[in-house]
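Reading the structure
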Amino acid sequence: MNVLVIYAHPNPNSYNSSLKDAAVEALIKKGAKVTVSDLYAMNFNPVAQLSDVRVPQDLSTVPKDLQLEREKVEWADYIIFQFPMWWTSAPAIIKGWFDRVFAAGFAYGPGVYNHGNLKGKKTMLSITTGGKHLENYGVNRLKGEMDERLFNIHHEILYFTGMTVLEPFIVPSGVSEEKRKEFIELIKERMTHLERVPMIPFPALEDYENGNLTKKEEATVS
Ligand SMILES: Cc1cc2nc3c(=O)[nH]c(=O)nc-3n(C[C@H](O)[C@H](O)[C@H](O)COP(=O)(O)OP(=O)(O)OC[C@H]3O[C@@H](n4cnc5c(N)ncnc54)[C@H](O)[C@@H]3O)c2cc1C
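Per an unreviewed UniProt entry, the recorded name for the protein chain is NAD(P)H-dependent oxidoreductase, and the organism is Cytobacillus spartinae. UniProt annotates the protein chain under Sequence similarities (unreviewed entry) with the comment "Belongs to the NAD(P)H dehydrogenase (quinone) family."

Here we come to the packing of aromatic side chains. If you walk through the whole model with that rule in mind, you get 10 aromatic pairs. Centroid distance Phe81 to Phe98: 5.3 Å. Interplanar angle 50°. Geometry classified as tilted. In this pair, Phe81 sits in strand β3 (residues 78-84) while Phe98 sits in helix α4 (residues 92-101), placing the two residues 17 residues apart along the sequence. Phe98 matches Phe81 in its accessibility class, with the two residues each being buried. The exposure class assigned to Phe98 is buried, which follows from its relative accessible area of 6%.

It is worth spelling out the site of the ligand at this point. In the region of the ligand, 19 residues are neighbours, and His9, Asn16, Met85, Thr88 and Thr128 sit closest. Met85 is positioned such that a nitrogen or oxygen atom in its backbone is 2.7 Å from an oxygen atom of the ligand. Between a nitrogen atom of the ligand and a main-chain N or O atom of Trp87, the distance comes to 2.8 Å. When the free accessible area of the ligand is taken as 990 Å², the share hidden by the protein chains comes to 65%. Taken together, the elements giving at least two residues each to the shell around the ligand come down to α1 (15-29), β4 (122-129) and α6 (177-192). Of all the elements, α6 adds the most residues to the shell around the ligand, at 4 residues.

As a further point, take α4. Here α4 lies mainly inside the structure; 7 of its 10 residues are buried. Where α4 is buried, its residues touch β1 (2-7), α2 (50-53), α3 (64-75), β3 and α5 (146-158).

Quick look at the packing of α1 against α6 now. At a minimum axis distance of 8 Å, the contact between α1 and α6 shows a crossing angle of 35°. Relative to α6, the crossing made by α1 is right-handed. Contacts between α1 and α6 involve Tyr15, Ser18, Leu19, Ala22, Ala23, Glu25, Ala26 and Leu27 from the former and Arg180, Phe183, Ile184, Ile187, Lys188, Met191 and Thr192 from the latter. The residue makeup of the contact of α1 with α6, split by class, is 10 nonpolar, 2 polar and 3 charged.

Turning our attention to unusual backbone geometry. Put simply, Gly109 and Pro110 share a cis peptide bond, and its omega is 5°. Residue placement: Pro110 occurs in the loop between α4 and β4. You will see that Asn43, though not glycine, has its phi angle at about 55°, which is positive. Residue classification places Asn43 among the exposed residues on the basis of a relative accessible area of 68%. With a phi angle near 55°, Thr88 is a residue other than glycine that sits in the positive phi range. Relative to the helices and strands, Thr88 resides in the loop between β3 and α4. Thr88 gets classed as partly exposed once you look at its relative accessible area, which sits at 32%.

Conventions we followed
Residues numbered from 1 in each chain as written. Predicted model: local features only at pLDDT ≥ 70, side-chain atom pairs only at ≥ 80, totals over all residues. Heavy atoms only, no water. UniProt positions renumbered as here; feature names shortened; annotations may be inferred. Phe/Tyr/Trp six-rings, centres within 6.5 Å; stacked < 30°, edge-to-face > 60°. Helix = DSSP H or I, 4+ residues; strand = E, 2+ residues; numbered from the N terminus. Buried < 20%, exposed > 50% of the residue type's maximum accessible area, 1.4 Å probe, protein only. Near = heavy atom within 4 Å. Polar contact = N/O pair within 3.5 Å; in protein donor to acceptor, adjacent residues only side chain to side chain. Areas by Shrake-Rupley, 256 points an atom, 1.4 Å probe, with all protein chains shown as cover. Contact = heavy atoms within 4.5 Å. Axes fitted to C-alpha atoms, helices over the stretch in contact; angles between N-to-C directions. Left-handed = near helix turned anticlockwise from the far one by under 90°. Nonpolar A, V, L, I, M, F, W, Y, C, P; charged D, E, K, R; others polar.

Laid out in structure tokens, this is it:
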């Protein structure tokens, strides 16, 4: 099993760093091959240039940093993203990684969603939030539903490329140190049993009516 971990935190001693290290440790322990893209440490440039986003991209002149990231993506069976929730989404460096690495012709195009070019790979977000609990998220709660907050990344980026999206691992960081250590054990457990993590059942394109893209009543999941 080849696992690519995309990790984003500017502080090498952050709680996210501990979660990332724990995940990597558990994956290696179970025999997985692991590659980490530590985006801040790599000084990854998240700002797309015109040549990065031209459609179709000239894949013969791809910059070295993108070529390396794309080789890692091709190699991976699983792609795990570890980052703190910033403004109810991912840090900008992750967004920039998507903008530049997941180019048209590489990650998607002509096929999208269940026909995307990364079909067959699995992916999962591992996120920390601020505060002591996740109770601010939910129906009629202050911050709305977490699924809605993450829909853009889950559905419109990861599933758009064809990947199977697994249930995210989300923990609040503002808890006691003891609780944070418990969460570190939980991420190890999650990685140990990665194959058993349920997928998020997004509908296939075929589950939508042609033309108006409204979901058919009898829609199944992909
Ligand atoms: C720009 C910005 C936007 C934000 N937007 C949101 C938002 O929209 N929604 C939201 O919920 N939150 C938001 N936050 C809060 C953010 O999600 C949290 O600050 C972040 O998740 C905490 O993770 P960290 O890795 O940065 O923690 P750190 O600050 O590194 O650590 C948190 C605590 O864990 C301790 N710790 C570190 N390592 C360990 C370890 N191994 N074991 C036990 N304890 C340890 C640290 O000492 C510290 O007390 C935002 C923050 C920023 C900066």
